[in-house]
Amino acid sequence: MTRAALLLLCLTLWSCTQFPELDAAQDPAVARAPYPEFLPIEVLTADVPARIEHGEAAAIEARAERLQDRVSGAGPVTGTEVDAERLARLRERAEALRNR
């Protein structure tokens, strides 16, 4: 028998081991308890307070507005503007690379 097969056999047998310490840790009342009732998420989260502070909410809303402005084209998109001179240089370089 190869080492790999022996190792696989040992792992298979070990996975069937009982752990009485873990079984004894469970309260017998838990095993007899009925299943919990399913509730809509709105009911579960109705009394949960917000996790963000007032200042954080304002910062998130401001960022959302900036992102929305960028999407709609109302605001500047930094880092992607290319002036006419640079665009001409880039086109010249691209043409030179094509002609190689």
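Just so you know, these numbers come straight off a predicted model, no measurement behind them. (Residues numbered from 1 in each chain as written. Predicted model: local features only at pLDDT ≥ 70, side-chain atom pairs only at ≥ 80, totals over all residues. Heavy atoms only, no water.)

Peer 1: Please explain the overall build of the chain as it appears in this structure.
Peer 2: Counting its regular elements, the chain contains six helices and zero strands. Going from N to C terminus, the chain has its helices and strands arranged as α-α-α-α-α-α. Of all 100 residues assigned to the chain, the portion counted as buried reaches 0%. (Helix = DSSP H or I, 4+ residues; strand = E, 2+ residues; numbered from the N terminus. Buried < 20%, exposed > 50% of the residue type's maximum accessible area, 1.4 Å probe, protein only.)

Peer 1: So what exactly am I meant to see when it comes to the pattern of salt bridges here?
Peer 2: If you walk through the whole model with that rule in mind, you get two salt bridges. With a shortest N-O distance of 3.3 Å, glutamate 85 and arginine 89 are connected by a salt bridge. Here the residue glutamate 85 and the residue arginine 89 both occupy positions in helix H6 (residues 84-98), the gap between them amounting to four residues, near one helical turn. Here arginine 89 falls in the partly exposed class, since its relative accessible area comes to 43%. A salt bridge links arginine 98 to glutamate 95, with the nearest nitrogen and oxygen atoms 3.2 Å apart. Here arginine 98 pairs with glutamate 95, and both are found in helix H6, just three residues apart, close to one helical turn. For arginine 98, a relative accessible area of 61% gives the class exposed. (Salt bridge = Lys/Arg side-chain N within 4 Å of Asp/Glu carboxyl O.)

Peer 1: Mind showing me how you'd approach helix H1 (residues 3-15) here?
Peer 2: In an α-helix there are 3.6 residues to a turn, and that puts residues three or four apart on one side. Relative to the 18 Å expected for 13 residues at 1.5 Å per residue, H1 spans 18 Å between its end C-alpha atoms, a close match to the ideal helical length. Counting buried positions over the 13 residues of H1 gives zero, only a small fraction of the element. (Expected span 1.5 Å × (residues − 1).)

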